[in-house]
Amino acid sequence: DVKEHKMDSEYFEIKSSLIEKIKETKESGKKVIAVGTTVTRALEGYFSGQFSAFSSHEKVNGLIQGYTDIFIYSRYKFKAVDSLITNFHLPRSTPLMLASAFCSFETLLKAYKEAIAMGYRFFSYGDAMLIL
């Protein structure tokens, strides 16, 4: 049961200026594309308020530092990120669940079948996909 799963906390740093650019981008109706599941978790953790602040360095060096244990899976309502560039993930993994939150699991499965048929390389240093 995915609702029972507890994610490990992950440390992040986000420049305050990037937060402002994302807000401006969203307000103008443009799309925010994250590169990677870690970036997605950091941004969504921050924008959803599901993070704990690490320190007050933001005022000193323009960084927001914190930890998030956000678990993104199907039916998650994204606050910051609209699309994702990511690699192909292992079956039954939390990064795969995060990727499927951008589209239906069936659509993602179809993409995986196509990638296998075309000989794509999987995992950390393999081919990547853009989920719009």
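Provided above is the structure to which this section pertains.
Residues numbered from 1 in each chain as written. Predicted model: local features only at pLDDT ≥ 70, side-chain atom pairs only at ≥ 80, totals over all residues. Heavy atoms only, no water.

Enquirer: What am I meant to see in the sheet that holds strand β5 (residues 83–87) here?
Expert: Within a sheet, neighbouring strands are paired by backbone hydrogen bonds and run either parallel or antiparallel to one another. Reading across the sheet, the three strands line up as β2-β5-β6 and stay open at both edges, with mixed pairing between neighbours. Each edge of the open sheet carries a strand with a single partner, namely β2 (33–35) and β6 (128–131). Each strand axis lies, on average, 15 degrees off the axis of its neighbour in the sheet, ignoring direction. Where β5 meets β6, four bridges bridge the pair, whose relative direction is antiparallel. By the bridge assignment for β6, I85 is matched with L130. (Pairing = 2+ DSSP bridges. Helix = DSSP H or I, 4+ residues; strand = E, 2+ residues; numbered from the N terminus. Axes fitted to C-alpha atoms, helices over the stretch in contact; angles between N-to-C directions.)

Enquirer: How do you make sense of helix α2 (residues 37–48) when you look at a structure like this?
Expert: Every α-helix winds through 3.6 residues per turn, so residues three or four apart in the chain are directed the same way. Taking 1.5 Å per residue, twelve residues should reach 16 Å; α2 reaches 16 Å between its end C-alpha atoms and fits that length. Each element contacted by the buried residues of α2 is listed here: β1 (10–15), α1 (16–27), β2, β4 (63–68), β5 and α4 (94–100). Looking one or two places after α2, you find G49, whose phi comes out positive at around 80 degrees. (Expected span 1.5 Å × (residues − 1). Contact = heavy atoms within 4.5 Å.)

Enquirer: Mind showing me how you'd approach the side chain of Q65 here?
Expert: With respect to the helices, strands and loops of the structure, Q65 is situated in strand β4. Within the structure, the side chain of Q65 is placed 3.1 Å from the side chain of Y11, a separation counted as a polar contact. (Polar contact = N/O pair within 3.5 Å; in protein donor to acceptor, adjacent residues only side chain to side chain.)

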